[in-house]
Amino acid sequence: MGRAVTVATCALNQWALDFEGNLERIFRSIDIAKSKGARYRLGPELEICGYGCSDHYYEPDTLLHSFQVLAKLLESPATQDIICDVGMPVLHRNARYNCRVIFLNKKILLIRPKISLANTGNYRELRWFTPWSKARHVEEYFLPRIIQEVTGQETVPFGDAVLATKDTCLGAEICEELWAPNSPHIEMGLDGVEIFTNSSGSHHVLRKAQARVDLVNSATAKNGGIYILANQKGCDGDRLYYDGCAMISMNGETVAQGSQFSLDDVEVLVATLDLEDVRSYRAEISSCNLAASKVNPYPRVKVNFALSCPDDIDVPTCMPIQWRHHSPEEEISLGPACWLWDYLRRSKQAGFLLPLSGGIDSSATACIVYSMCHQVCLAVKNGNADVLADARRIVNDEVYIPEDPREFCKRVFTTCYMASENSSQDTCQRAKLLAEQIGSYHINLNIDVAVKAVVGIFCVVTGQTPRFSVHGGSSRENLALQNVQARVRMVLAYLFAQLTLWARGMPGGLLVLGSANVDESLRGYLTKYDCSSADINPIGGISKTDLKNFIQYCIENFQLTALRSIMSAPPTAELEPLLDGQIAQIDEVDMGMTYAELSIYGKLRKMAKAGPYSMFCKLINMWKEICTPREVASKVKHFFRMYSVNRHKMTTLTPSYHAENYSPDDNRFDLRPFLYNTSWSWQFRCIDKQVNALCFWFGFSVWWGVFYIILDFFPLKYWTKVLLDSVGVG
């Protein structure tokens, strides 16, 4: 019959410019696909060179090496008798395109350039690539000699076309095209395309996976078809974590689901599906059939190959499954943990060092490292040879097998409590107990000697001795003395990261972890070049609210009981003197706003594109039950003053795991000035004008209400008599 087609998609942990490693992972995915009977294999976007090459796309070397890898794929026996769909940059008539190169048996069938480029948020594809704007148009592409020598072809089709095999028709989309309002799959489906493919470079954001899955399923729900999605996975060299989720869907339902978070470098999904199910599904949708009769046809590239076998009547086909989504707490536990593992093994360091303060943020960071250790032990238990080899290299032990997360944590994770005279015994004990429960190598030290030495230099030079506010000092003195402590901790963190393993007789150095959350960064509630300055920060894109929920998740799932006291303690920087041995400094009091308010400000500023006036207008409605317009105005002004005064700190922000769409990351995601007119005079004047107007009408409405109440008690007839009596009439 030739109706059951077997197709494969994959999630690959590719690395920008790692052509050798990328090629090896592509080959592995093809081998797995063929071993499971697949006749078509789809890979992630730009998988040959790695998605995150950025300005390296400008370099001719990137194009050259991509074609060299393609030549290796074309000439290999491993790619015979299977249609291979790979991604790479291609220069056509001096314009650079993000392309799919589809080939079979040493012949390139089609080079399909990307039509809709991703250019929002973290994406900058228009900087490096040109969108293909010639719908349903194909040109000749002259192959470089290195490819001609393998294929024997001089030119191949280049453009917006589909593949017509012996048994079906396939059409390609590339990542952003699925998210576009005029996705190609709509008209391709009307033109008879039955299998849609999408190679993606889609990164993780909390709560995003469901939207992606819904888009894939909805792509075939309205007009039927098979949709195959491949995605990049892992950290390919920057702040983003690509979260896999390769999937296959048919007629609006998921039939195969890949993992979202995994330490497997290569994951392949294979599904066998019945083309007659697509055809019967479409047959009864009369509106689509009518639209199909009017559609402009796509150029078809004929392929003398079938995705099915002639005698497939007894071949079992895949049935729909229910997609299982992770909770946000699980996403925080798994996503940053996988990102940390990739960064650790690819940087060839020996572990991490974290200044552990005993507060929620640094404790959450420690829990993520502990989760990473869990993932490593689980991967090794499941037979992942790559993870085992990496773990052995990191701990410098060729026979080591990580089985216990706490024991592995002791080898790769160092925590350090840096006490000062302003630190409480409570936070010291919390940090120590958490370190014991996760198994980290824990250090207790005191920074007072270093702080006094630094301040002493200032005193000798100026003859002045700065004091804290509680001792009669000014706010400038108070802030400077806090900052000295914070910056000394950063210096000591790097010193211990470089030399702790040396002191223990072990090779290698440690990566320093930062632990400032996204809300504190937005407000600027951190010291520039303090412990927020580190090599990487796994929680820098996560809100305080989500981190608290994550801590509760760790209590329940990792049995880390030390976190209970950390959860109940008020967040504090512990940089000001104690009062009677107790903490006097509270973060939310210092900031002049709550963490819940900060999350709202962040979402309105970035996601709702709200300036001061627009934010005020939105919040007077959101907070009308709890704040007067004048109070809302005061809060909005305070936020924008603090945000703009501290924006310069974002230019040196530690590279952080991107997890929130309101991240203030200055590197690529949130591009804004770092020198503001912090008075916001025009904007704040508009707010004040609106407040005054609201207060006037509020006062007027109050008096009008009082008048109506009086009328209820004293009817109009009564007031008429009073008026007549007053003028002597009656």
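Scoring rules and cut-offs
- Residues numbered from 1 in each chain as written.
- Predicted model: local features only at pLDDT ≥ 70, side-chain atom pairs only at ≥ 80, totals over all residues.
- Heavy atoms only, no water.
- UniProt positions renumbered as here; feature names shortened; annotations may be inferred.
- Helix = DSSP H or I, 4+ residues; strand = E, 2+ residues; numbered from the N terminus.
- Pairing = 2+ DSSP bridges.
- Contact = heavy atoms within 4.5 Å.
- Axes fitted to C-alpha atoms, helices over the stretch in contact; angles between N-to-C directions.
- 1 Å grid on protein atoms, 1.4 Å probe; cavity = no way out; pocket = protein on both sides within 12 Å on 5 of 7 lines; lining within 4 Å.
- Points joined across faces, edges and corners; volume = space filled by probe spheres on them.
- Buried < 20%, exposed > 50% of the residue type's maximum accessible area, 1.4 Å probe, protein only.
- Core = buried A, V, L, I, M, F, W, Y, C linked by side-chain atoms within 4.5 Å.
- Phe/Tyr/Trp six-rings, centres within 6.5 Å; stacked < 30°, edge-to-face > 60°.
- Lys NZ or Arg CZ within 6 Å of the ring centre and 35° of its normal.
- Salt bridge = Lys/Arg side-chain N within 4 Å of Asp/Glu carboxyl O.

As recorded in an unreviewed UniProt entry, the protein goes by Glutamine-dependent NAD(+) synthetase and comes from Malurus cyaneus samueli. Under Subunit (unreviewed entry), UniProt gives the following word-for-word description of the protein: "Homohexamer." Per UniProt, the protein carries the Pathway (unreviewed entry) text "Cofactor biosynthesis; NAD(+) biosynthesis; NAD(+) from deamido-NAD(+) (L-Gln route): step 1/1."

A.B. asks: Quick one: what's the story with the UniProt feature "domain: CN hydrolase" (unreviewed entry) in the protein, residue by residue and with numbers?
C.D. replies: Annotation from UniProt places "domain: CN hydrolase" (unreviewed entry) at residues 5–275. Helix makes up 25% of residues 5–275 and strand 34%, with an end-to-end C-alpha separation of 7 Å.

A.B. asks: Can you explain the sheet that holds strand E18 (residues 413–419)? Please cite residues and give values.
C.D. replies: An order of E19-E18-E17-E20 is seen for the four strands of this open sheet, with the pairing classed as parallel. Sheet topology places strand E19 (441–446) and strand E20 (511–512) at the edges, where each strand pairs with a single neighbour. Pairing geometry for strand E17 (residues 352–355) and E20, over two bridges, is parallel. Within E20, the position partnered with Phe 352 by the bridge is Leu 511. Where helix H11 (residues 360–381) meets the sheet, it contacts E17 and E18, and its direction lies at approximately 160° from that of E17. Contacting E18 and E19, helix H14 (residues 425–438) runs over the sheet at an angle of about 170° to E18.

A.B. asks: Please provide a residue-by-residue account of the layout of surface pockets, values included.
C.D. replies: What the second largest pocket holds in volume is close to 510 Å³. Along the wall of the second largest pocket there are 21 residues; nearest its centre are Thr 120, Tyr 123, His 203, Lys 208 and Asn 661. Only helix H5 (176–179) and helix H21 (595–607) provide two or more residues apiece to the lining of the second largest pocket.

A.B. asks: I'd love a proper account of unusual backbone geometry, names of residues and values included.
C.D. replies: Positive phi values are uncommon outside glycine, yet Arg 93 reaches one of about 50°. Overall, the relative accessible area of 61% leaves Arg 93 in the exposed class. Although it is not a glycine, Gln 559 adopts a positive phi angle of roughly 55°. When you line up the elements, Gln 559 lands in the loop between helix H18 (544–557) and helix H19 (562–568). Overall, Gln 559 belongs to the exposed group, its relative accessible area being 52%.

A.B. asks: Could you give an account of the nonpolar core, naming the residues involved and the relevant values?
C.D. replies: Within the largest apolar cluster, 64 residues are counted, with the highest numbers of intra-cluster contacts made by Trp 341, Phe 352, Met 372, Phe 408 and Phe 413. Not counting residues within four places of it along the chain, the set of residues in contact with Phe 352 comprises Leu 340, Leu 344, Val 369, Met 372, Val 412, Phe 413, Thr 414, Leu 510, Leu 511, Leu 513 and Ile 536. Within the second largest apolar cluster, 51 residues are counted, among which are Tyr 51, Leu 73, Ile 108 and Phe 129.

A.B. asks: Can you tell me about the environment of Glu 20, naming the residues and giving the values?
C.D. replies: Note that Glu 20 resides in helix H1 (residues 19–35). Once the C-alpha coordinates of Glu 20 and Lys 72 are considered, the two residues, 52 residues apart in sequence, prove to be 11 Å apart.

A.B. asks: Describe the packing of aromatic side chains, listing the residues and the values that go with them.
C.D. replies: Enumeration according to the criterion identifies 26 aromatic pairs in this entry. For the ring pair Tyr 97 and Trp 132, a centre distance of 5.7 Å and an interplane angle of 70° mean the geometry is edge-to-face. Of this pair, Tyr 97 sits in strand E4 (residues 95–104) while Trp 132 sits in the loop between helix H3 (125–128) and strand E6 (138–142), and the two are 35 residues apart along the sequence. The exposure class of Tyr 97 is buried, given its relative accessible area of 8%. Judged by its relative accessible area of 3%, Trp 132 is buried. The positively charged end of Lys 544 is found above the aromatic ring belonging to Tyr 595, 4.6 Å away from the centroid.

A.B. asks: Now, about the side chain of Ser 371: what can you tell me, with residues and values included?
C.D. replies: Secondary-structure assignment places Ser 371 in helix H11. Not counting residues up to four positions away in its chain, the partners in contact with Ser 371 are Ser 333, Leu 334, Ala 337 and Phe 558.

A.B. asks: Which residues make up the pairing of strand E1 (residues 4–12), and what values go with them?
C.D. replies: In terms of burial, E1 is a largely internal element, nine of the nine residues being buried. Neither face of E1 is exposed, since Ala 4, Thr 6, Ala 8, Cys 10 and Leu 12 on one face and Val 5, Val 7, Thr 9 and Ala 11 on the opposite face are all buried. Sheet topology note: the E1/strand E2 (residues 40–42) ladder contains three bridges and is parallel. Considered in E2, the bridge of Ala 8 is made with Arg 41. With two bridges connecting them, E1 and strand E11 (residues 226–234) associate as parallel partners. Its bridge partner being in E11, Ala 11 is matched across the sheet by Asn 231.

A.B. asks: Talk me through the pattern of salt bridges; I want residue IDs and the actual numbers.
C.D. replies: A full pass over the atoms with the stated rule returns 33 salt bridges. In this structure, Asp 243 engages Arg 212 in a salt bridge whose closest nitrogen and oxygen atoms are separated by 2.9 Å. With Asp 243 in strand E12 (residues 242–243) and Arg 212 in helix H7 (residues 209–221), this residue pair connects regions lying 31 residues apart in the sequence. The exposure class assigned to Asp 243 is buried, which follows from its relative accessible area of 1%. Classification of Arg 212 by relative accessible area gives buried; the value is 2%. Put simply, Asp 670 and Arg 647 hold a salt bridge, and the shortest N to O gap is 2.9 Å. Here Asp 670 is found in the loop between helix H23 (629–646) and helix H24 (681–713), whereas its partner Arg 647 is found in the loop between H23 and H24, with 23 residues between them in sequence. The class of Arg 647 is buried, set by a relative accessible area of 1%. Sharing partners across several salt bridges, the network here consists of Arg 605, Lys 606, Arg 647, Asp 670 and Arg 672.

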